[in-house]
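# Tertiary structure, described
Letter by letter, the chains look like this.
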Amino acid sequence: MIPLALVTKNLGKHKLRFVLTVLSLSVAIFLLCVLRSLVVALNAGVADAAANRIIVQSKVSLFVQLPQSYGPRLALVEGVEALARWNWFGGYYQDPANFFAQFATDPEELFDVYPEIQVVEGSKADFLANRKACLLGVDTAAKYGIRVGDTMPIIGALYPTADGSAWDFTVAGLYESKRKSVDQNTLFFHYEYLEKSLESGFASGPGGVGIFVLKVAPGFDPVEVMSEVDALYENGPQAVQATSESEFQAQFVSMVGNVPLLVSSIGGGVMLAILLATLNTMLMSAREQTRDIGVLKALGFTDGSVSGVLFLQALVLAGCGGLLGMILATASAPGIAAAIGSMFPGYQVTRGTLLEAAGATALIGVLAGIAPAVRARAMTVIDALRAVR
Amino acid sequence: MALVPLSYNLRSLAVRWSATLLTVFGIGATVAVLAGVLALQQGFQTLFTESGRDDVIVFLRQGATNEGDSVFSLERSQILVKSLQEAATLADGTPLVAAEMYLAVRRFKRDGGETNVPIRGVTPRSFDIYGATVRVVEGRRLAQGVDEVIVGRKLVERIRDCRVGETLTLNTTPFKVVGIFDHDGPFASEIWGDRDRIAEALERPVLNRVVAILQPGTDLAGLKERLDADPQVPSKVLTEREYLTSQTAALSFVLRGLGFFLAVVMGTAAVFTATNTMLAALASRTYEIGILLALGYRPHAIFLSFLFEAFVLGIAGGAVGILLALPLNGVDTGAMNFQTFTEVAFAFRVTPEVLVTAAVFALILGLVGGTWPALRAAAMRPTEAMRRT
């Protein structure tokens, strides 16, 4: 039997040390949660991809456009229910540092293929009707304080206008996305507007379409549709690569480089530092409790319960720090998401992340508790009572 | 003013060796993580800035921030090339000007996954301009007008189909790999081919940048001004060094931001650990402090003595951190250049800047952690301190 009151009494004996150790632990666990959440955010698009969508892109390069004429042909492929064009615009708002994605697309096609895009402010009809209108993600709108009806000037870095002025889009509506497959940062505008502007000489830049997104009709196998699409343009003029939406998203994650390795290296360093700190505190407490150990043993407490007192102290210490760290990570998530949302859309601290953090906390507690516990178990009454502080 | 002998502190650190070691390694792990992230940033940055030459001039489309965005039609690039009367010439009078094509192409890594590899369409003048900085280390240089490529050394083992003798297919055209070349900068992560053959294979009749070497004594500022306002082909004029430096901005910003964030968060935890250790040291030496005060040492001498002890903890922690980070120097890694969305291979560089930052950081951790315990030590009264055991 372990005298539980002793566990809390001993921890409370040095309040300052307890508080400092708990704070260090919470900061470390908070950091682990943030790092892990970045990786989760990076992979969110992959995890939440729609199974019935196929992305058709150039086999050669992300930066090569496909001819417009591919669209009508792709629509004829058996099993294709609808199709949407996406064309990367690559502009920025006021300053190149204000980065978020803009795509030229056909609005009707977009709503057909992406039911998760829901207009929450303004009107869908206005967006459809007005050729110079745009639909803006709620996160970007909030970040720059943009409201429905505002004009959003975008400098076309990839599509510069002839006179160097900005493209002016009227914000017809704001959208929310019901799935992580589409983020809430994007600006969508009419493909037709882009096309006409290039034709009239208002602006210059690459023609064609970046990607075609195919919606597969129920009952058809996406894999078969993909191989049919690939075969269609095998001999050019532009070879295509059809992939599932999740593969397409995974491709971007792979391109960003080895972020998981970077994050786990940093996480390893954090774990080591905090383990040493906790162990330090535990060893200091244990040394101070040496006499207590002797007294307890003399009173007849078993070796197990005496070492249990120390072991439990480590667990409680780690538990307090870990819990506080997890609370910090959860509470700070909306703020962090707002700050880095354009690079890591969908940043959030998931239950899986919290479980991993709890695991790390338990590991630290156990490792920091073992040494003092073993020492207490092995100590004889005489040695313990004789110890000088 | 009489100072407490430094050996007193060193001995006391040695007596409490377990707490000393744990604190030193805790600070060390924190410092090593910071140094690692900074070494990553330095490696990336030096690759770009140190390989850039001041005598090679880069011309981009007005408003473009990188080669990928910069697009010149064939006609415009011809006008630009012809207008460069300032260009230096070869012995036979050929101007040292090359209009190059650049595209990030989709390639597969040997260990799985996709990445974007830059392909550069070059002319014989490109080799004249880059001169000895581009060295063919295996096979031979590519011939003009033939479907051949040479591959940067850093790609050979990472990307499929890049060994000499292998065939690399671009769109639908096979290109033979005839050589491997090396370069101290980002070229070593590129594939080079004959410009016109590559443009045809990719169905991409545009060029992306012009490079030139100018006659000695050319007024670069004047040239910048002239081309900036050029009515036919407005262009941005940069030295190669300026261009390459501008390419590192985004990733450097991200890595420095990450480093700063980690330093603050992990630093907080490390400071708390140092404080804990010093407080424990203080608690067990109250009696000794009383004696020191009774011997006539002034409170500020006691303060400095304890601060010195924390300072030693910081220095030792910094040394451990640097020793942990040093083996990273020269380790190859890769990261995304966010400007062109391509992957660049480079090595970690533990530069003097990294070492100084790490050392200063460690010292600050020690001193901040030691200040409060030192103040407490200095505030003691001799009688009180000697009475407390």
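Position labels on residues start from 1 in each chain and follow its written sequence. Chains and ligands are labelled sequentially in the order written, the chains with letters from A and the ligands with numbers from 1. In view of the model being predicted, local features appear only for residues whose pLDDT reaches at least 70, and side-chain atom pairs are presented and counted only at 80 or more, with totals across whole chains, interfaces and linings using the full set of residues.

### Examining the overall build of chain B
Put simply, the rule reads: For helices the rule is a DSSP run of H or I covering at least 4 residues; for strands it is a run of E covering at least 2, with both sets numbered from the N terminus onward. When we talk radius of gyration, it's over C-alpha atoms, and the globule rule is simply 2.2 Å times the number of residues to the 0.38. Residues are called buried when their C-beta atom has 20 or more other C-beta atoms within 10 Å, exposed when it has 12 or fewer, and partly exposed otherwise; all C-beta atoms are positioned from the backbone. A residue pair is marked as a contact if its C-beta atoms, positioned from the backbone, fall within 7 Å.
Along chain B, the regular secondary structure elements total 13 helices and 14 strands. Relative to the globule expectation of 21 Å for 389 residues, the C-alpha radius of gyration of chain B, 30 Å, shows a markedly less compact shape. Buried positions account for 48% of the 389 residues belonging to chain B. Counted over contacts in chain B with a minimum sequence separation of 6, partners at least 24 positions apart contribute 82%.

### Quick look at the packing of helix α2 (residues 17–51) of chain B against helix α9 (residues 249–284) of chain B
All names here are of chain B. To keep it simple, the criterion reads: Lines fitted to C-alpha atoms define the axes, with helix axes restricted to the stretch in contact, and inter-axis angles between N-to-C directions lie between 0 and 180 degrees. If an angle is under 35 degrees, it is roughly parallel; if it is over 145, roughly antiparallel; if it lies from 65 to 115, roughly perpendicular; otherwise it is oblique. Each residue is assigned to one class: nonpolar for Ala, Val, Leu, Ile, Met, Phe, Trp, Tyr, Cys and Pro, charged for Asp, Glu, Lys and Arg, and polar for all the others, Gly among them.
Remark: α2 packs on α9, axes separated minimally by 9 Å, with the N-to-C direction vectors making an angle of 170 degrees. Viewed along their axes, α2 and α9 adopt a mutual orientation that is roughly antiparallel. Grouping the constituent residues of the contact of α2 with α9 by class yields 17 nonpolar, 10 polar and 1 charged.

### Some thoughts on the domain arrangement of chain B
Residues and elements named next belong to chain B. In plain terms, the rule: Domain borders in the structure are assigned automatically or taken from a domain database.
Along its sequence, chain B is organised into domain 1 (6–49 + 249–387) and domain 2 (63–233). Contacts between domain 1 and domain 2 engage 9 residues on the former and 15 residues on the latter. Those elements that provide at least two residues to the side of domain 1 that touches domain 2 are α2 and β14 (342–347).

### A word on the confidence of the model for chain A
Under the convention used in this document: Per-residue confidence from the predictor is reported as pLDDT, a score between 0 and 100.
Summary statistics for chain A give a mean pLDDT of 89 and a share of 99% for residues scoring 70 or more. Looking across chain A, the model is least confident in helix α9 (residues 245–255) of chain A, with a mean pLDDT of 83, and most confident in strand β8 (residues 187–190) of chain A, with 95.

### Some points on the nonpolar core
In plain terms, the rule: We call a set of buried Ala, Val, Leu, Ile, Met, Phe, Trp, Tyr and Cys residues a nonpolar core when their C-beta atoms link them within 7 Å.
Formed by 177 residues in total, the largest nonpolar core has its most connected members in Ala28, Val270, Ala273 and Ile274 of chain A together with Leu34 and Ala35 of chain B. For valine 270 of chain A, the residues in contact, after removing those within four places along its chain, are Ala28, Leu31 and Leu32 of chain A together with Val33 and Met266 of chain B. With 55 residues, the next largest nonpolar core counts Ile55, Val56, Leu174 and Ala242 of chain A among its residues.

### Some thoughts on the pairing of strand β6 (residues 148–152) of chain B
Residues and elements named next belong to chain B. To be explicit about the condition: Here, strands pair whenever DSSP counts at least two bridges between them.
Burial of β6 is extensive: 5 of the 5 residues sit out of reach of the surface. For β6 and strand β8 (residues 173–182), the ladder comprises 5 bridges, and the chain directions are parallel. Within β8, the position partnered with valine 149 by the bridge is valine 177.

### Thoughts on the environment of leucine 3 of chain B
Residue and element names in this part refer to chain B. By the secondary structure assignment, leucine 3 is in the segment before α1 (6–15). For the pair leucine 3 and threonine 371, spaced 368 residues apart in sequence, the C-alpha to C-alpha distance is 17 Å. Ignoring sequence-local partners within four residues, the contact set of leucine 3 consists of Ala301 and Leu304.

### Brief notes about the confidence of the model for chain B
Averaged over all residues, the pLDDT of chain B is 90; the fraction at 70 or higher stands at 99%. In the predicted assembly, ipTM is 0.82 and pTM is 0.83.

### Some details on the domain arrangement of chain A
Domain assignment breaks chain A into domain 1 (4–46 + 258–386) and domain 2 (60–238). Between the C-alpha centres of domain 1 of chain A and domain 2 of chain A there is a distance of 48 Å.

### Description of the interface of chain B and chain A
Counting from both sides, the interface comprises 49 residues of chain B and, opposite them, 45 residues of chain A. With 14 residues, the single largest contributor to the side of chain B that touches chain A is α9 of chain B. Across the side of chain B that touches chain A, the residue classes break down as 23 nonpolar, 20 polar and 6 charged.

### A few points about the packing of helix α10 (residues 259–288) of chain A against helix α12 (residues 303–340) of chain A
All names here are of chain A. Convention followed: Here a crossing is taken to be left-handed if its near helix is turned anticlockwise relative to the far helix by less than a right angle, and right-handed if that turn runs clockwise.
Closest axis-to-axis distance for the α10/α12 pair is 11 Å, and the angle between their directions is 140 degrees. Both α10 and α12 take part in a crossing whose hand is right-handed. Contacts from Thr278, Thr281, Met282, Ser285 and Ala286 in α10 reach Leu310, Gln313, Ala314, Leu317 and Ala318 in α12.

### A closer look at unusual backbone geometry
Residues and elements named next belong to chain B. Its identity as a non-glycine residue notwithstanding, aspartate 161 has a phi of 60 degrees, on the positive side. Here aspartate 161 shows up in the loop between α5 (153–156) and β7 (167–170). With a phi angle near 55 degrees, glutamate 203 is a residue other than glycine that sits in the positive phi range. Turning to its location among the elements, glutamate 203 is positioned in the loop between α6 (195–201) and β10 (206–207). By the C-beta count within 10 Å, which is 16 here, glutamate 203 ends up partly exposed.

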